Protein chains: 4
Amino acid sequence: MTKKATIGVLGASGYTGAELVRLLLRHPRVEISLLTADRRAGMEMRDVFPHFAPYDLPKLVSIEGMDWAAAALDVAFCGLPHGTTQTVIKKLLAEAPQIKVVDLSADFRLADVQAYARWYGHAHQAPELQPEAIYGLSEIYRRDIKKARLVANPGCYTTTAELPLIPLLKAKAIETDEIVVDAKSGMTGAGRAPKEAMLFSEVSEGINAYGVGKHRHMAELDQEFSKAAGRDVVASFTPHLVPMNRGILATIYVRGRRGRSAQDLHTILADAYAKEPFVHVLPFGETPHTRHVRGSNMTMIGVAADRVEGRAVIVSALDNLVKGASGQAIQNMNLMLGFPETMGIEQVALFP
Amino acid sequence: MTKKATIGVLGASGYTGAELVRLLLRHPRVEISLLTADRRAGMEMRDVFPHFAPYDLPKLVSIEGMDWAAAALDVAFCGLPHGTTQTVIKKLLAEAPQIKVVDLSADFRLADVQAYARWYGHAHQAPELQPEAIYGLSEIYRRDIKKARLVANPGCYTTTAELPLIPLLKAKAIETDEIVVDAKSGMTGAGRAPKEAMLFSEVSEGINAYGVGKHRHMAELDQEFSKAAGRDVVASFTPHLVPMNRGILATIYVRGRRGRSAQDLHTILADAYAKEPFVHVLPFGETPHTRHVRGSNMTMIGVAADRVEGRAVIVSALDNLVKGASGQAIQNMNLMLGFPETMGIEQVALFP
Amino acid sequence: MTKKATIGVLGASGYTGAELVRLLLRHPRVEISLLTADRRAGMEMRDVFPHFAPYDLPKLVSIEGMDWAAAALDVAFCGLPHGTTQTVIKKLLAEAPQIKVVDLSADFRLADVQAYARWYGHAHQAPELQPEAIYGLSEIYRRDIKKARLVANPGCYTTTAELPLIPLLKAKAIETDEIVVDAKSGMTGAGRAPKEAMLFSEVSEGINAYGVGKHRHMAELDQEFSKAAGRDVVASFTPHLVPMNRGILATIYVRGRRGRSAQDLHTILADAYAKEPFVHVLPFGETPHTRHVRGSNMTMIGVAADRVEGRAVIVSALDNLVKGASGQAIQNMNLMLGFPETMGIEQVALFP
Amino acid sequence: MTKKATIGVLGASGYTGAELVRLLLRHPRVEISLLTADRRAGMEMRDVFPHFAPYDLPKLVSIEGMDWAAAALDVAFCGLPHGTTQTVIKKLLAEAPQIKVVDLSADFRLADVQAYARWYGHAHQAPELQPEAIYGLSEIYRRDIKKARLVANPGCYTTTAELPLIPLLKAKAIETDEIVVDAKSGMTGAGRAPKEAMLFSEVSEGINAYGVGKHRHMAELDQEFSKAAGRDVVASFTPHLVPMNRGILATIYVRGRRGRSAQDLHTILADAYAKEPFVHVLPFGETPHTRHVRGSNMTMIGVAADRVEGRAVIVSALDNLVKGASGQAIQNMNLMLGFPETMGIEQVALFP
């Protein structure tokens, strides 16, 4: 039997950390050897997430003063807050350059460190690492991810919007100045830090937009859309909070270019993803629910004709904690370690 | 003391019927004298809606063979299914021409009976009444409603989208060929008839679009937007179902015309609704939650700048059962009977 | 026209404070002249609760250094945390002895200040006021409340359990050593202070018991049950959190004494509450939903026979923020000021 | 490689059917060869449950006129309605006696066919099969299940109550005439057939008891509790509906017998289940949430002292569709086929 890869989850007390542990516990070729959580250091994982009570897991430790060479990890997943991650990874790779890193924060997603400074309000702390960071949208950058040491796992909103739009932009099939992305997210996307606006009673029985005109995920969208189109693309993007735990639904309004019909756009997407295990394009005219992907690494995409001549409505759905975060992170790990790409993340959606 | 107006609620076993009863029970100048519900005829209202158990209400009767002259109503509210309503109202007004009617169905909303036939798939059964029907968007058609005998209460989606867009279209302040209305509704909008897709387990913990490119409310939008703009307007409109009982949120993407900024659009709306008791325009940049209007007749509207140059995002929220249906119906009744417009519908939103 | 009573709401930034404001804004004989909220002092109420944006309300001020004589209040509602309230009320009544106080905290609910010290872990700070404090279960202590200056509004769990059990205990109709109260509460009962366990994602899609064997509301239950029975009664009581905003359901298991059947118990309750506007006893065998009382001051009670010979199941439902807190507080204010008892709190339940 | 077992799921269009398919699709030693659904015969599984769209599954067929010998099944799971199942299984076993059957209906759960007739209102149609039917509570009847041809999978409520109570009754550690089981279930327990009472808007934002004093699951409880205790046991049992999809929580009130403390009861349960993979007893005083077992085959049990001397509160939680139905059915299949008991059902709970 092959030796298992040893895994560290940095930031294990958040939802993406817990989701990594949920999936890694059943991955046949890995072993969790390190869990960090600064404010909860010294506690058992079951004290932080009681659903892990039946399982043996390492005690939570602090990342402060960690000796990364001694940690002997094959892979580190970083589920740390934006901004601090870059410093942690810099130290980690300095002390243990052979560790492969999948970073779930936004710190290494923007190739342009100036754009990073503009959107995040401070200079990047590890600009020398940025050139080797690969944007981890698995289906698009698979080849580079296989060779990468440092993968910047995409954001949940951006994965939902990029998977349907990148093939269309690459094919120059849609107008680039009229794209509207109306996105709706479940509450786990807002994290686990207690804030009044995230209390059950503030969230249930209602819906609202937030960050209108200024959400940080836009920087990622700009980068990837522009790269795919070969020209500057700036889309309208509005995120909303929905009273559900998991799931993102993006309703995307586009206009076909040079007579491309909604049906043509559907064909482009169906062809692009025909062989992908984690992207499923529905028959023309059908659109997905977030319920149909809950708990799974699947993305479902539907395309329908708008009644406005020449326009199409594209709906994309995924689980923000799986394909939108931890599942895609493991998909990337599988690519980086040469494992079968679907290993450990083949769970069928939990419906209802 | 003034004699109270006698009221009939036709279709009292649905959610809009129950909402009418909730509000009318506390309206100081009306008395409910008739409740109809064909499949539940003979039952008490408390058997159909147990929250009415503490109140005295007339027993449910069938509409079949009703003698409308004998019914001696001042006002009839029709919460009947689309299609059958026109026949009921035709008979009612023939037998008792002095009754004032507020119809909550779609039957008299389209001024063009050909458009009705096209969207609903059958010829209108009371085309001779259509000319006198007034579209009951209270803030826009107040003057006509005061003199009307037959008011066609607007749809819930359309009220949400029309209140913010009509003043902008009238002012020729936005481009008319790039309007996107992304609407999100609570489940009471889908009615009370049992269908698999509306079961709790099919709805909770998820969101989905439906009727993409072909929802019937579009006919109403076309009519009112075109009328306001003075030219044909066809907007993109996609409805979604959200796991909540009440509320509609419309996120509307527009482009300012002739250099109009988002701030300019805000000023137009703030001015248009400055004195309205049931439309509240938030300070520029703030957007409403559906939670903030739950159970009330209030509409809240916010305007923010999109980061895409020249574009704005408008968010509009109301309670689909109140301002989107029964509350606005009572607002219209108040206008028709010469009561103070806000009487009986001044409840403050129930939050949380 | 009669001069309106001037009202202060101390602790207006919590849910019970907001609920007081919602109801008082539409009460015909009061005027809100003071809103306090220490951490939010200086803010507008609309910044803390955006659903109040359309209404004129006093700015939030701090309670620190308040001159109560100058405040010129007729009534003060205290929605402050347990423990600090007693100090605030002591100062308030010293400076302005004519103000009537309805306290929504637990501070004056226990007649025995020793019991208070035992359950709350510190000596009572205003023991000299305790003797005049009337326990504000309106239906039971109406006569005393009318003459009271200081009313201790009951807890939400306890109101739910006491309304059905006190008449049965007074009638000596049930065994006192076998009472089980299994209570289920909506999340607003847990307040608005941000805690991880109250986040939407920690609460939705699940149910749990908490405080098993040791919830503080038990002290109140002991006091009232024992008083009604004329002997020491200690009931089993387990609270649960349900993913809903409002509502408490208590499922109560009792054994009839001396051959009393479930039907006999039903008769006792139906008789006791026959004329009460805010307690509705359902026909024998029917049990209420919390949905049927949402947003209203109504309590609904049902009694059914258990299949276990001699036992009955009683189900009691109310809205924890209305009859369980702010609505009953206004009911008590009405009694104290000689207003009609139902004034301003006659809203019909909001269903769905 | 071993040949895979061929599996039929009868009644695949219900929630338990879908849950079987979800789990069996990833079970390494089975293959789904037959899916039946009478009203949906001829449809694809993806038309009935869109979350299966990405997977290859047999088309739905009718059970009418099925040739069971030709079906060549190793195992049939029956997720059919109560009452019709007995006739189906009778024909199936007559035509293909070697097929192993796991029945998820109530048809073969009651050893006494007279009790069946009493509770279900009609004579049993296959009384000759009843003697060989094994009650499929895996942890309790494991030895018999291994040799069984026909397993009657327990109900969801009963599994939740029996796992904690059977060891205590066997040990004669609790009084048998004072047991109260207050159970709370998610909505998938009510099935997928559309009924008004199960609509989202009728269920969300509320809780209610139902079937008070007369739920059919009581027959199963009586049978198993009495068998364990060696004497007639009749417990109080009240089911409730909670606005969540999955999960059952049973709050159980017991009195220790002959001085047994809550701690003693905890010890008995902790010992009984120390080695069980699917029953986890929490440390004394801790109680589980349904959230901690969602989507998994785990049962979590907690024991706490009641403040009433001599009484204890036991809380038990499981996922009604997994351990309460389809997961335990596969656990039983594993036992019947000699597979490792945990195979295919080791998923970690999906939280949040």
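Residues numbered from 1 in each chain as written. Chains lettered and ligands numbered in written order. Predicted model: local features only at pLDDT ≥ 70, side-chain atom pairs only at ≥ 80, totals over all residues. Heavy atoms only, no water.

K.L.:
Can you walk me through the overall build of chain A in this structure?
P.N.:
Counting its secondary structure elements, chain A contains 11 helices and 14 strands. For 352 residues, the compact-globule formula gives about 20 Å, and the C-alpha radius of gyration of chain A, at 20 Å, lands near that figure. Considered along the principal axes of its C-alpha atoms, chain A spans approximately 60 × 45 × 45 Å. Looking at chain A residue by residue over its 352 residues, the buried ones come to 66%. Carbon and sulfur atoms provide 52% of the accessible area of chain A, an area that totals close to 11,300 Å². Charge centroids of chain A, computed over 39 positive and 38 negative side chains, lie 2 Å from each other. (Helix = DSSP H or I, 4+ residues; strand = E, 2+ residues; numbered from the N terminus. Rg over C-alpha atoms; globule rule 2.2 N^0.38 Å. Buried < 20%, exposed > 50% of the residue type's maximum accessible area, 1.4 Å probe, protein only. Areas by Shrake-Rupley, 256 points an atom, 1.4 Å probe, with all protein chains shown as cover. Lys, Arg positive; Asp, Glu negative; His and termini not counted. Charge placed at Lys NZ, Arg CZ, Asp CG, Glu CD.)

K.L.:
Looking at this structure, how should I read the interface of chain D and chain B?
P.N.:
When the parts of a complex come together, some accessible area is lost, and that lost area is often used as the size of the interface. Each side of the interface is counted separately: chain D has 21 residues, and chain B has 21 residues. A combined buried area of about 1,700 Å² lies between chain D and chain B, and 52% of that area is made up of carbon and sulfur atoms. For the interface between chain D and chain B, the tally reads 6 salt bridges. With a shortest N-O distance of 3.3 Å, Arg192(B) and Glu196(D) are connected by a salt bridge. At 4 residues, helix H8 (residues 200-203) of chain D tops the list of elements feeding residues into the side of chain D that touches chain B. (Contact = heavy atoms within 4.5 Å. Buried area = accessible area lost by both parts, 1.4 Å probe. Salt bridge = Lys/Arg side-chain N within 4 Å of Asp/Glu carboxyl O.)

K.L.:
Sorry, what's going on with the sheet that holds strand S12 (residues 279-281) of chain C here?
P.N.:
Two modes of strand pairing occur in sheets, parallel and antiparallel, and in both the strands are linked by backbone hydrogen bonds. Residue and element names in this part refer to chain C. Reading across the sheet, the 7 strands line up as S9-S10-S8-S11-S14-S13-S12 and stay open at both edges, with mixed pairing between neighbours. Two strands bound the open sheet, and with one partner strand each, they are strand S9 (208-209) and S12. When S12 meets strand S13 (residues 299-305), the two strands line up parallel, connected through 3 bridges. Bridged to histidine 280 within S13 is methionine 300. Helix-sheet contacts for helix H10 (residues 262-272) involve strand S11 (248-255), S12, S13 and strand S14 (311-318), and the interaxial angle to S13 is about 160°. (Pairing = 2+ DSSP bridges. Axes fitted to C-alpha atoms, helices over the stretch in contact; angles between N-to-C directions.)

K.L.:
What should I look at first to understand the side chain of His124(B) in this one?
P.N.:
Residue and element names in this part refer to chain B. Along the chain, histidine 124 turns up in the loop between helix H5 (113-120) and strand S6 (134-135). At a separation of 2.7 Å, a polar atom in the side chain of histidine 124 contacts the main-chain carbonyl oxygen of aspartate 107. A polar contact is formed between the side chain of histidine 124 and the backbone nitrogen of alanine 126, at a distance of 3.0 Å. Apart from the residues within four sequence positions on either side, histidine 124 is in contact with Gln86, Asp107, Phe108, Val113, Tyr116 and Gln130. (Polar contact = N/O pair within 3.5 Å; in protein donor to acceptor, adjacent residues only side chain to side chain.)

K.L.:
Please explain the interface of chain D and chain C as it appears in this structure.
P.N.:
Contacts between the two partners involve 50 residues from chain D and, on the opposite side, 50 residues from chain C. Across the chain D/chain C interface, buried area totals approximately 4,100 Å², and carbon plus sulfur atoms make up 50% of it. Run the count over chain D and chain C and you get 6 salt bridges. The partner of Arg307(C) in a salt bridge is Asp222(D), with the nearest N and O atoms 2.6 Å apart. Run the count over chain D and chain C and you get 34 residue pairs in polar contact (both at pLDDT 80 or more). Listing elements by their share of the side of chain D that touches chain C, those giving two or more residues are strand S8 (180-185), H8, strand S9 (208-209), helix H9 (217-229), strand S10 (236-241), strand S11 (248-255), strand S13 (299-305) and strand S14 (311-318) of chain D.

K.L.:
Can you walk me through helix H7 (residues 156-170) of chain A in this structure?
P.N.:
Given 3.6 residues per helical turn, the α-helix brings residues three or four places apart onto the same face. Residues and elements named next belong to chain A. Between the first and last C-alpha of H7 there are 21 Å, a value that for 15 residues agrees with the 21 Å anticipated at 1.5 Å per step. Within H7, 14 of the 15 residues are buried, which leaves the element mostly enclosed by the surrounding structure. Phi for lysine 172, located one or two positions after H7, is positive at around 50°. (Expected span 1.5 Å × (residues − 1).)

K.L.:
Help me understand the relation of the copies chain D and chain B in this model?
P.N.:
Taken together, a rotation about one axis and a shift along it account for how the two chain copies relate. Least-squares fitting of chain D to chain B yields an RMSD of 0.0 Å, with the superposition described by an axial translation of 0.0 Å and a rotation of 180°. Overall, the copies show the geometry of a two-fold rotation axis. When the interface residues of chain D are mapped onto chain B, 100% of them are again interface residues, pointing to one common binding face. (Least-squares fit on C-alpha atoms with pLDDT ≥ 70 in both.)

K.L.:
Just to check I follow, could you spell out the packing of aromatic side chains for this structure?
P.N.:
The description of two aromatic rings rests on the distance between their centres and on the angle between their planes. Tallied over the full model, the rule gives 22 aromatic pairs over all chains. A centroid spacing of 4.7 Å and a plane angle of 15° characterise the contact between Tyr116(D) and Tyr120(D), whose relative ring orientation is stacked. Here Tyr116(D) pairs with Tyr120(D), and both are found in helix H5 (residues 113-120), just 4 residues apart, close to one helical turn. For Tyr120(D), a relative accessible area of 11% gives the class buried. Among the aromatic residues, those joined into a cluster by ring pairs are Phe49(A), Phe52(A) and Phe351(D). (Phe/Tyr/Trp six-rings, centres within 6.5 Å; stacked < 30°, edge-to-face > 60°.)

K.L.:
How do you make sense of the relation of the copies chain D and chain C when you look at a structure like this?
P.N.:
For the pair chain D and chain C, the relating rotation is 180°, the translation along its axis is 0.0 Å, and the fit reaches an RMSD of 0.0 Å. In this assembly the copies share their binding face: 100% of the residues contributing to the interface of chain D also contribute to that of chain C.

K.L.:
Which parts of the structure should I look at to understand helix H11 (residues 322-337) of chain D?
P.N.:
Residues and elements named next belong to chain D. Here H11 is 16 residues long, yet its end C-alpha atoms lie only 19 Å apart, well below the 22 Å a rise of 1.5 Å per residue gives. A bend of about 45° at glutamine 328 is the largest found in H11. With 15 of 16 residues buried, H11 lies mostly within the body of the structure. Glycine 338, located one to two residues past H11, shows a positive phi value of around 75°. (Bend = angle between axes of the 7 residues up to and from the residue.)

K.L.:
Would you take a moment to explain the packing of helix H7 (residues 156-170) of chain C against helix H9 (residues 217-229) of chain C for this structure?
P.N.:
To characterise two packed helices, one gives the angle between the axes of the helices and the distance between these axes. All names here are of chain C. Running from N to C, H7 and H9 point in directions that differ by 15°, and their axes come no closer than 9 Å. Regarding the angle of H7 to H9, the classification is roughly parallel. As for how H7 packs across H9, the hand of that crossing is right-handed. The residues of H9 that touch H7, namely those facing Cys156, Tyr157, Thr158, Ala161, Glu162, Leu165, Ile166, Leu169 and Lys170, are His217, Glu220, Leu221, Glu224, Phe225, Ala228 and Ala229. (Parallel < 35°, antiparallel > 145°, perpendicular 65-115°, else oblique. Left-handed = near helix turned anticlockwise from the far one by under 90°.)

K.L.:
Mind showing me how you'd approach unusual backbone geometry here?
P.N.:
Peptide bonds are mostly trans, and most non-glycine residues show a negative phi. Phe351(C) connects to Pro352(C) through a cis peptide bond whose omega is -10°. Tracing the backbone shows Pro352(C) in the segment after helix H11 (322-337). Its identity as a non-glycine residue notwithstanding, Glu205(A) has a phi of 55°, on the positive side. Mapped onto the secondary structure, Glu205(A) falls in the loop between helix H8 (200-203) and strand S9 (208-209).

K.L.:
Explanation requested: the pattern of salt bridges in the structure shown.
P.N.:
Any two side chains of opposite charge can pair if their charged atoms end up close together. Scanning the entire structure with this criterion turns up 84 salt bridges over all chains. Glu139(A) is the partner of Lys323(A) in a salt bridge, and the nearest nitrogen-oxygen pair spans 2.8 Å. Here Lys323(A) is found in helix H11 (residues 322-337), whereas its partner Glu139(A) is found in helix H6 (residues 138-147), with 184 residues between them in sequence. Summarising the burial analysis for this pair, Lys323(A) and Glu139(A) share the class buried. With a closest N to O distance of 2.8 Å, Asp182(B) and Lys184(B) form a salt bridge. Accessibility expressed as a relative area gives 0% for Asp182(B), which makes it buried.

K.L.:
What exactly am I supposed to notice about the confidence of the model for chain A here?
P.N.:
Counting all residues, the mean pLDDT for chain A is 96, and 100% of those residues have values of 70 or more. As a predicted assembly, this complex carries a pTM of 0.97 together with an ipTM value of 0.96. (pLDDT = per-residue confidence, 0-100.)

K.L.:
Can you walk me through the sheet that holds strand S1 (residues 5-10) of chain C in this structure?
P.N.:
Residues and elements named next belong to chain C. With parallel pairing, the 7 strands of this open sheet are ordered in space as S3-S2-S1-S4-S5-S7-S6. The open sheet terminates on both sides in strands that have one partner only, identified here as strand S3 (60-61) and strand S6 (134-135). With 2 bridges joining them, S6 and strand S7 (residues 150-152) adopt parallel strand pairing. Bridge pairing in S7 links tyrosine 135 to alanine 152.

K.L.:
Is there a simple way to explain the environment of Leu335(C) in this structure?
P.N.:
Residues and elements named next belong to chain C. Along the chain, leucine 335 falls in helix H11. When its relative accessible area of 6% is taken as the criterion, leucine 335 is described as buried. Spatially, the C-alpha atom of leucine 335 lies 9.2 Å from that of alanine 148, the residues being 187 residues apart in sequence. If we ignore the near neighbours within four places in the chain, the residues touching leucine 335 are Ser138, Arg142, Ile145, Lys146 and Glu341.

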